Structure formats: structure tokens, C-alpha cells
Amino acid sequence: MVLHQVSFRGSFSSSFFYRFPFRNFRAQINSKRPQKFQKCFCANWSRLRLAGLTNTAICCSFDEFFVEENAGNLKEIRFSHLKEERRIRANHQTFLWLLEGCLNSGSLVDVKKLHGKILKLGFDGEQVLCDKLMDFYIALDDLEGAGKVFDDMSDRDVFSWNKIISWFVAKKLSNKALGLFLRMMEENVKPNGSIFASILKACGGGSVGFNYVKLIHAKIIHYGFGSSPLVCNPLIDLYSKNGYINSAKRVFDKLLVKDSVSWVAMISGLSQNGYEEQAILLFCQMHASGIFPTPYVFSSVLSACTKIELFDLGEQLHSLIIKQGFSSETYVCNALVTLYSHAGTLISSEYIFSKMQCRDRVTYNSLISGLAQCGFSDKALELFEEMQLDCLKPDCVTVASLLGACASVGALCTGKQLHSYAIKAGFSMDIIVEGSLLDLYVKCSDLETAHKFFSTTETDNVVLWNVMLVAYGQLENLSQSFQIFRQMLIEGLVPNQYTYPSILRTCTSLGNLGLGEQIHAQVIKNSFHSNVYVCSVLIDMYAKLGKLDTAFEILSRLNEEDVVSWTAMIAGYTQHGMFNEALKLFREMLNRGIRSDNIGFSSAISACAGIQALNQGRQVHAQSFVSGFLDDLSTGNALVSLYARCGQRQEAYKVFEKMDAKDNISWNAMISGFSQSGNYEEALKVFSEMNRAGVEANLFTFASAVSAAANTANLKQGKLIHAMIIKTGYDSEIESSNVLITLYAKCGSISDAEKEFREMPEKNEVSWNAMITGYSQHGCAMEAINLFEKMKQIGVAPNHVTYVGVLSACSHAGLVNEALGYFESMSKEHGLLPKPEHYVCMVDLLGRAGFLSRAKKFVEDMPIQPDALVWRTLLSACAVHKNMDIGEYAAHHLLELEPEDSASYVLLSNLYAVSGKWDSRNQTRQIMKERGVKKEPGRSWLEVKDSIHAFFVGDRHHPLADKIYQYLGDLNERAAKIGYEQDFYSLLNNEEQGQNDPSAFIHSEKLAIAFGLLSLPDAIPVRVIKNLRVCNDCHNWIKYVSKISNRAIIVRDAYRFHHFEGGSCSCKDYW
């Protein structure tokens, strides 16, 4: 930066001044004379003594001056008369006395005549006279005269420089003051503290590059004023007002003596720059150090409390204000009105307002704004009228607040009236009012008027463009948003930090990643890539649209620790199922000292729910409680989901019941959580309560409820939910049909699933997968294969789920060669690498078909490490086919992976039992007992008359137990007559068979079927669900019972559906 020195030689208006980079200044010459010059002058300068004159000279001069003064006209003074007639030669003291005499007239002409005499008589070298002349010209606003005197001075001391520089600063001629300061430095005049204080005030006008301020700061330190309050106080204020708060802190900390002005400057600076907590802490430190606070300090601290919503602390400060006697100060009361308005305690704000003796425009604006924000638009408008009756003219802030109130309640008509008032008052073109008007029309959905108003405004107001971008973004009109963005660039407007987020959010909501990436390129081009706000929206966009690596890269480049950016990344990981990464990032955020917000806590809790990390979820719950987010709705919903999904019913209900404002997400969290944790009846119970409470269900609600009904095989409840889906209009949604297909398939009604599938006007890959999986579960292998081929023919690409369904269908039907062909085609034709579940299907296929050696080799040749499910499937097949060698081989690997899983021990025990190795069986059971592993009990249930009835092996707890066992005995006798032979002793040795009551070994499915035959009408099929695989004896028994009872019996075990009718099963005894 090059600064040219200021010269006052020649015509002052043409003097060359340095022009600073942001603003051009012209000389402002004010020829208007002060009305009370003597008062103005005497207030600033002391009278000078007339020492050095003879008594005669004094008396004669007084005589002459007295006559002229009484005449009221100093133009009659004649210095030649003094010289010739009185023979007295005037000296510089004479002129000092005469200049003082000009106080009564305030005549610039007289001063100039005296100035001419001074020059003529050669007294222009007298420092005192020059200073006095400069005082006169400054007081009379004669820029040219003052400049000429200053330039003609042969010896300018620091006080002369201070005088002229201070005057320029007072007249807001900052560039000229700074130019003079540079000239002073070049002339090696050592500045004093007053000059530095004036120069710093000149820098505050916004016309100076801030690098120049740093150079001045360096000069301040060089000349030893780095700890002077006179200089440092304005420096702190200057740094703070320009956002350099760290520099302000350093200056403040180096002050050896801090006066009240120092504390005020630093506290207000912190408050204004978003460091409200530090401002409050500094106030406490000031108070503790015994510095008496000023009203302005209280105003700043109250403002800080308002911004960060520390309303309780604000009330305590109110008490201190009363104690200190500042409760009548207008700007303190204004801050209190604002505090209580934001706190929602309008009674307090209105009380303070009513007690104020002197209200200004800010007072009214504060209360009007508070009423508007709290939704009391009518009261705000009444106060608006009162303000005018109080002879206070509303300004743009008043109207903007009222327009905001109208926008929040949709009062478009009142808003239009305010628009008319703004036009009449002459500030409709104010930037704040324009923005509020446009916001009104946008929020009231009057986009036509909004667009018309927008077209009439000044196009260089970027705020209005941003509002329009938000408006079309809310309508999800991406094309119009992008059109406005393009037009904005064409017209040469430079987007700000709010422009890019507006259109990026629209790209996010519509899933348009390509356009979002183009906007990102513009962000980089215009150097907003380091802006925290813009980066937070970019992270949110990339995270939500699945580009998590890009989102994390932006986060890692951030220089500031921004909680919004971190929580957006955590939420992105959670939304895409990367729960461990989300929790890892959450821990890192806390370790860095970043306090999480509600989004961070809710995302972390959701991640814990996703991986069933109950203990970790409880820790995050505790952290959210300590941080004050317990009442936050999003955090509460996440907690409900966590405890429900982890099967903690009591804790889920406890959190749910404590929530004051439940929404449908809260109810959905309960329903889906219980459904996912296997508490299906509880999920349906909550769904019923939700309907009774009148809470509107959405698509997610119905999907969760249908899933619960499907898993309990509650076909009746499922059909009721289906009816509700139709009634609410969600039946046209593809997702609804998809879950209904699954419902009917899982409830054993494959015909209803087929009907729903056929009637779908549009299908996606999930629809095809649901139907193929349904066929597979029901053993309809050829139907599944045919549908798979049709799916490929119409161009729907199969995915991993599709192949699980097809391979499972082949497995249930024993189609070994077909399955091997499909398995090979996964990678060759569709580029899908087999996952563990596909290998499980292949092992199950080979095992069911009896090809155990091939199954073993297939497992050993797997390109991925076999998991527990693969080994368990192989062991189960060995138990069916009584293959001891491969079974023990599989069991060895299985127990290494899951030593606590009961199914592994049960399968191995059964293998030993069917092979007659009772000692090995007993040893396996003993190991199981020693390790504390408990066998999962077999359980069967069915729905009868809107109630779920569950049974365990040998169960006698049912109210109709005696009747059930009696009827079961009758069924056994009738079945035995047509060829049924019991086989439940196959797992017991001879000694055990003789010692135990046979009824203790009756499996749960037999009890459930007997109860169903007793309770259900003949036309209704008996639908039973079992949590384990149905055994050979029960399968054989059900075939006979279906024949002797002439009833359809549908059993869904852990593997598939069995449709029994007329003595045969749909699985053809291959399961």
C-alpha cells in the first residue's frame, strides 16, 4: 500500500490526497458560521495572557477595542492607526489579544484580515499565533484557511498535527486524516497517544484496508503505547468491530491498567462476534475485580445472554442492574425488553416497557420484534399504532419486524397493508424491508406476487435473490432455482455464503448430485470452499446422497471446529448404515472439545440402535441428559428407537411416556423398534394405541405394522391394516404393495400375494424380489424360477436379494443343477459377487440333497471365510442324513466361532442321538450346561379370535389345556388307525423313554394345531408359526391329522412354509 502525503499548498480543494482502496472522498468545505462562536471556542481553548505589552499599549488597545466592540463591528480596527498615532509597535501578543476579541463577532472576514496583518508584519513564524489561527479556522469549518496556516507553519509540533488530524476525524474525513498521518511519519514527528487514538477512529470508517491497521498497530508498539488505555481502547474496539477478535484479545491482555472503557470495548466485541459465553465470563471477571460496570456493559452482556438463550442469567443481571441504579437507563431497558421477549416472557418485557420514562424507537422495535417472534402479530400491530401516537416515526426495522410477524402467521392481507405503509413512508426500497416483504409473499405461498415484487426491486441486492432461491427450493422446483441462480450470475452479482446453501439444499432434497457437484465447482471458483457455513451444507449434501468419502474430505479440510459440519457427517454415516464409523466420528468430535447438538446426539443414538449397542447407547443417553437435550424431540425419538430395537420394552415406554410433544416419528420408532426386536405383539399394540390417539399414520407406520403382522402370521390384523392403507390412499405407493406381498406370503396366503403383485400398476426390483422370495418360502420353486426369468426378460436387473430367493427356491425343491447354474451366472452375467448368504444357500442345497461331501468341499473352497451360518447349515444337514464325520467336522468349526450359541450344541446332540451315540450326546449336553448355554425352547403360536395363543413343549399353562390334551389323544388314536407311528423317542435312549411322561415330550406345534382345530371354524385354515425347524415326527403327524380332520393346516417353521391338506404336504417331504 502506497500512501501519498497531504499538502495544503495552493488551492485546498485541489490538494492531492491519498485515495484509500474502498471509498473516494471529496473535500467537504462548510462555510456556515457557528451561531454561538464564543461559547464553542471557549469550550475548547483557554484564554491567553497578554504578557509583554506596555501599560500604555494595553490601555490604548483596550480603548480602541472597546469602541469597536460596542459598535459591534471589528472591521473598523486599524493597525496603522495604532502604529502611527499612538507610536506603539504591535507584537505577537497584540495579535493574540485581538484574535481573542474576535470571539464576540465570529467573523471569518475579520480573522482573515488579522491573518493578513500577521503575514504582512512577519509574525507568521510565531508558533502560538499559528496555533491560534488554526484554532479559529477549525472552529469556523474553514478547511482551506486551516490548511494554509498548517502548511505555512515553519515548526509544527505534535500538538499542531494532533489538532488538524483530530479535526479531520471529527469531520469524518478519514482518508485525509490518514494521509496527514503518513506525512507526519515521513517528517519524523513522534506521535503521541492522542494522535494514535484519532487515527484509529479514522480507520473505523470502513474505507481502510485492514493491513494498514496492522501497520499502525506496529507503530503503536514501536512508540511505546502498546499498554496505554488511551490508544489500546479504540484499537480493541476497531479490531472487534472488524471481526479480528483474537487480535483484540491480545491487545486487551497486554493492558497493564484496564479502565472501564477497556472492559466495555472487549465485552461488547466478544458479544458482537459470536463469543457470547466469553463475553459473559469476562463481565464476571470485571465484576470480581471491582470495576464498576457502566450501563453500556450491562447492555452488551444482556445482549449476549439473549443470543445464547441464557435467560436465567439475564434475570440475575436484571437484579444487579436494579441494585446499581441503572434500571432507568433507556438502552439498558431496551436490552431487557429484548431479553424477555426472546425468552417468551412477554409479561416481563411489557412491564419494563410500561415503566420506562423515556422510550425511543429501539424500545418499540424491541417489543414489536418480541411480540412478532412469539406469534402475537395483533399485539405487535397495536404497539405499532401506539408508537406513532407517541410521536416516534417507525423505521425500516419496525416494519420488517411486523412483516415477519405477518409471514409467521400467514397474515398476507395485513402484510400488504404494511407494504402500502412502507411505500408511503418512503422506505419500501430499504434492503431490510425488501427482504421482509419478499419473505412475506414467499411464506404465504403467493409466489406470483413475490416474483412481481422481486422484478421491481434493485437487482444488486443479493439477499432478495437468495430468498427467491429458497422459495423455489421449498417448492422443489430445481429448474427455476437454477434459472434464478444463472440469471444472478449473468447480471454480475457475486453470490454470498447464503446463496450457495440455498440451491445446494434443493439439490439435496431432489437427489440431484450432478448439479450439486457443479455448484460445488462454483463454490471453489469463488473462494467459498473454506467458508464454514457453505462447507456444512456441502457435507450434508454429499453425506445424504451417498458420497461419504467426499463429505469426509471436506470435513477434514475445515479449519474451524464446526459442530454443524461434524453432526452432518455423523448423520450421513448413520443414514447409510455405517454405524461404527458414525460412533467413531462422534467420539472424535467430543475428544476435540466440540459440544454436540441435538442432531449429533440423535444420530449417535440411532447408530447405537443400528448395531444393538445398548450399553454405548445408554452412555450417549447420559451425555445428552447432561447437555440439556433430554426434552429434544429428535433425541427422544432416537432413544425410543434404541430401547425398542434392543428389546428394552420398559425403558422404551419410559422415554416415550416422558415425551411431551410426540409426533408420528415417535410412534413409528416404537412400532418399528418392537417389530425389529421380535416384539411383534407389542408393535401391533402400539399401532392400535396410535390409531386411538388420532395420530395420523404414514407409509413408514403401515410398513412397520404390516411387518409385525406378517411375523406373527396374523392375517386378520394384516388385512385390517391393508384396508387402512387403501382408505388413506397409500395403496398407490409401490412400497405399500411390496410390504403387502411380504405380509400375505409370510401369513401363508400365497394367492393373495400373487393377486397384490399382479394388480400393481408399476413394479420395482423390490416387488419382484418380494414375490420370488414368497414363492421360495412356500416351496413353489418353478413359480419362483419362472418369475425370475420373466423379470430378466423385461429388463429388471436382479440383485443379491433376488438370487437369495432363487437359490433358496432351488434348495427347497432339490434343483441342484439349476441352482449351480444360477450361482455361476451371478458374477458372469450380472457382475454380482456372491455374499455369505448365497454360499449358505448352496451349502443348504447340497446338504438337503444328501451331497454332504460336495457340500464340505464347497465350504472349503469358498473364496471368503465361512461364517457360523455356513457351518450350522452343514451340521444341520449332517444331523438329517446322520453323517457323523462331516457333522463333527462342521461342529468343531462352528463351536470355535460361536461357543455360546445353543443351536450348535443342540444340532450336535441330535446328531449323536440319531446315530445312537448316547455318551457323546450326554457329554455335549454336559458341556453346554457347564458353559451356561441354554437351549432356545421350541415355541408355536397361532391367532384365534383376535388373540395370539402361544405353546411350548409339554405346555399345560393354557386355560384349555385339559381339553387340548384330551382332543390331542383322540387325534393320535385316529391317526394311528390309518398308519401313523410316533417317533418322538428317536432322541431319547431306552432308559429315558421309560422314565419320562410321554406328554412331557409333546411338541408345541401339535398343541397349537389341536387348539386351532378345536377353536376355529372348519372353513378357516389353521395357521401355525414355529420358531424352530419342524421335526420329522410332527411333520408326519400333521399330514395324518390334515387327512382325518379334512382341514387345511399351514405351518411356517424357521425354514419355510408347509401346506398340509388331504394327508400330504407341499414340500413333498423334502425340507
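Residues numbered from 1 in each chain as written. Predicted model: local features only at pLDDT ≥ 70, side-chain atom pairs only at ≥ 80, totals over all residues. Heavy atoms only, no water.

When you look at the nonpolar core in this model, what are you seeing that I'm missing?
One broad trend across soluble globular proteins is that nonpolar side chains are buried collectively. Counting residues in hydrophobic clusters, the biggest one holds 262 residues, and the most contacted among them are I164, I165, I216, I267 and I721. With residues up to four places along the chain from it excluded, the contact list for I216 reads L178, F181, F196, I199, L200 and C203. The next biggest cluster of nonpolar side chains, apart from the first, holds 32 residues, and it includes L968, A1008, L1013 and L1016. (Core = buried A, V, L, I, M, F, W, Y, C linked by side-chain atoms within 4.5 Å. Buried < 20%, exposed > 50% of the residue type's maximum accessible area, 1.4 Å probe, protein only. Contact = heavy atoms within 4.5 Å.)

Where do I start with the sheet that holds strand β5 (residues 1057–1061) in this structure?
What holds strands together in a sheet is hydrogen bonding between their backbones, with the strands either parallel or antiparallel. An order of β2-β1-β3-β4-β5-β6 is seen for the six strands of this open sheet, with the pairing classed as mixed. Each edge of the open sheet carries a strand with a single partner, namely β2 (947–952) and β6 (1064–1065). The strands that helix α56 (residues 1004–1015) touches are β1 (939–944), β2, β3 (1022–1026) and β4 (1049–1052); relative to β1, the one it contacts most, it runs at about 15 degrees. (Pairing = 2+ DSSP bridges. Helix = DSSP H or I, 4+ residues; strand = E, 2+ residues; numbered from the N terminus. Axes fitted to C-alpha atoms, helices over the stretch in contact; angles between N-to-C directions.)

I keep staring at the environment of R854 and nothing clicks. Help me out?
Tracing the backbone through its elements, the reader meets R854 in helix α49 (residues 852–860). A relative accessible area of 42% places R854 in the partly exposed class. The spatial distance from the C-alpha of R854 to the C-alpha of V843 is 8.7 Å, given a sequence separation of 11 residues. Setting aside residues up to four positions removed in sequence, R854 forms contacts with L820 and L846.

What am I meant to see in the environment of F1060 here?
Looking at the element boundaries, F1060 is found in strand β5. By relative accessible area, which is 2% here, F1060 ends up buried. Taking the C-alpha atoms as reference points, F1060 and H1035, separated by 25 residues in sequence, lie 9.2 Å from one another. Every residue in contact with F1060, bar those within four places of it in the chain, is listed here: H1035, I1038, K1039, S1042, R1047, A1048, I1049, V1051 and C1065.

Looking at this structure, I do not really get the packing of helix α35 (residues 614–626) against helix α36 (residues 633–645). What am I missing?
In a packed pair of helices, the relevant descriptors are the angle between the two axes and the axis-to-axis distance. Between α35 and α36, the least distance of the axes is 11 Å, while the angle of their chain directions is 160 degrees. On the basis of their axis angle, the class for α35 and α36 is roughly antiparallel. Crossing of α35 against α36: the hand is left-handed. Taken together, the residues of α36 that come into contact with α35 (itself represented by L614, G617, R618, H621 and S624) are T635, L639, L642 and Y643. (Parallel < 35°, antiparallel > 145°, perpendicular 65-115°, else oblique. Left-handed = near helix turned anticlockwise from the far one by under 90°.)

How should I be thinking about the side chain of K1006 in this particular structure?
Among the structural elements, K1006 can be located in helix α56. By relative accessible area, K1006 is classed as buried at 5%. Among the polar contacts made by the side chain of K1006, one reaches the side chain of D1033 at a distance of 2.8 Å. (Polar contact = N/O pair within 3.5 Å; in protein donor to acceptor, adjacent residues only side chain to side chain.)

What exactly am I supposed to notice about the pairing of β1 here?
Each regular strand shows side chains that alternate between the opposite faces of the sheet. With respect to burial, β1 is a largely interior element, five of its six residues being buried. Relative to β2, β1 runs antiparallel, the two sharing six bridges. Among the inter-strand pairings, S940 is bridged to a residue of β2, identified as F951. Here β1 hands over to β2 after two residues, with K945 in that stretch at a positive phi of 55 degrees. Two elements, β1 and β3, share two bridges in a ladder whose sense is antiparallel. If you follow W941 over to β3, its bridge partner there is I1025.

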